[in-house]
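Single-letter residue listing:
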Amino acid sequence: EPEVTQTPSHQVTQMGQEVILRCVPISNHLYFYWYRQILGQKVEFLVSFYNNEISEKSEIFDDQFSVERPDGSNFTLKIRSTKLEDSAMYFCASRTQGAAGETQYFGPGTRLLVL
Amino acid sequence: SQQGEEDPQALSIQEGENATMNCSYKTSINNLQWYRQNSGRGLVHLILIRSNEREKHSGRLRVTLDTSKKSSSLLITASRAADTASYFCATAQAGTALIFGKGTTLSVSS
């Protein structure tokens, strides 16, 4: 069964460093998302991406964040200068369109720790 | 915001018992979805119910939706130890991002 994959599974970085989190959505999906979950808290929406542009973003998604679909398969989230409070689990999700496209399929997540 | 908020926050039951989790939200929705998350792992989609549906079943899962009360419930029947996880409701308007609740942590002991 097709699934969303994410790499790396864990990343430790120093405050101020740039990180890139990678996702490979399900191949025929057209809508892509990033969410994050700070330890012990709820899952929060960051950004959605469709047709090579951001379609929606939350207040969390400030200028330190960017997303890109550099090729036909990868979808990346870049944090330019990480802060301690960026430590969280980051989830990528994707969905198709139409009536079958309401369900978002999530990857296993990347656990980011900023020291 | 159209947050989903689950209750109870934590639920402990014995294997074979039923588990019921509730979710409330604030604004109109297109659909409501339930996800499961095993400790430290990804989110697994369980079931989606649309705003024009009142009840839906999938295996041992039964979901209800009351749009007049802006609430939903997830019932897991004949629970198993493997059902131990956190359960989240998430609401969406058409084509928009999911808004998650804080989740219910279910512990099923054998």
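This text goes with the structure placed above it.
Residues numbered from 1 in each chain as written. Chains lettered and ligands numbered in written order. Predicted model: local features only at pLDDT ≥ 70, side-chain atom pairs only at ≥ 80, totals over all residues. Heavy atoms only, no water.

Undergrad: Even after reading the chapter, I still don't get the interface of chain A and chain B, so can you show me in this structure?
TA: Accessible area lost upon the coming together of the parts is a frequently used measure of interface size. Counting residues at the interface gives 18 residues for chain A, matched by 22 residues for chain B. Buried surface at the junction of chain A and chain B, both sides included, amounts to about 1500 Å², of which 51% is carbon and sulfur. Looking only at chain A, the three residues that lose the most surface to chain B are Lys42, Glu102 and Phe106 of chain A, adding up to 38% of its buried area. At the boundary of chain A with chain B, the tally comes to one salt bridge. The salt bridge involving arginine 50 of chain B is made with glutamate 102 of chain A; its shortest N-O contact spans 2.5 Å. At the junction of chain A and chain B, the tally comes to six residue pairs in polar contact (both at pLDDT 80 or more). Looking at the side of chain A that touches chain B, the elements with two or more residues in it are strand S4 (31–37), strand S5 (43–50) and strand S9 (88–95) of chain A. Taken together, the residues of the side of chain A that touches chain B sort by class into nine nonpolar, four polar and five charged. (Contact = heavy atoms within 4.5 Å. Buried area = accessible area lost by both parts, 1.4 Å probe. Salt bridge = Lys/Arg side-chain N within 4 Å of Asp/Glu carboxyl O. Polar contact = N/O pair within 3.5 Å; in protein donor to acceptor, adjacent residues only side chain to side chain. Helix = DSSP H or I, 4+ residues; strand = E, 2+ residues; numbered from the N terminus. Nonpolar A, V, L, I, M, F, W, Y, C, P; charged D, E, K, R; others polar.)

Undergrad: Explanation requested: a nonpolar patch on the surface in the structure shown.
TA: Residue and element names in this part refer to chain A. Together, Val12, Leu113 and Leu115 make up a nonpolar patch on the protein surface, roughly 270 Å² of accessible area in all. Along the chain, leucine 115 falls in the segment after strand S11 (110–114). Residue class for leucine 115 comes out partly exposed when judged on its relative accessible area of 47%. (Patch = residues over 30% accessible without salt bridge, like charges linked within 9 Å, V, L, I, M, F, W, Y side chains within 5 Å. Areas by Shrake-Rupley, 256 points an atom, 1.4 Å probe, with all protein chains shown as cover. Buried < 20%, exposed > 50% of the residue type's maximum accessible area, 1.4 Å probe, protein only.)

Undergrad: Can you walk me through the state of the cysteines in this structure?
TA: Applying the stated criterion to the full structure yields two disulfides over all chains. The side chain of cysteine 23 of chain A participates in a disulfide bridge whose partner is cysteine 92 of chain A; the two sulfur atoms lie 1.9 Å from each other. Between cysteine 23 of chain A and cysteine 92 of chain A, the S-S torsion sits near -60 degrees, and that sign places the bridge as left-handed. Separated by 69 residues along the polypeptide, cysteine 23 of chain A in strand S3 (residues 19–24) and cysteine 92 of chain A in strand S9 bring together distant segments of the chain. Exposure class is identical for cysteine 23 of chain A and cysteine 92 of chain A. Each is buried. Across a sulfur-sulfur distance of 2.0 Å, cysteine 23 of chain B and cysteine 89 of chain B are joined as a disulfide pair. Disulfide cysteine 23 of chain B-cysteine 89 of chain B: torsion about the S-S bond near 65 degrees, hence right-handed. On the criterion of sequence distance, the pair formed by cysteine 23 of chain B in strand S3 (residues 19–24) and cysteine 89 of chain B in strand S9 (residues 85–92) is long-range, its members being 66 residues apart. Residue cysteine 23 of chain B is classed as buried on the basis of its relative accessible area, which comes to 2%. (Disulfide = S-S within 2.5 Å.)

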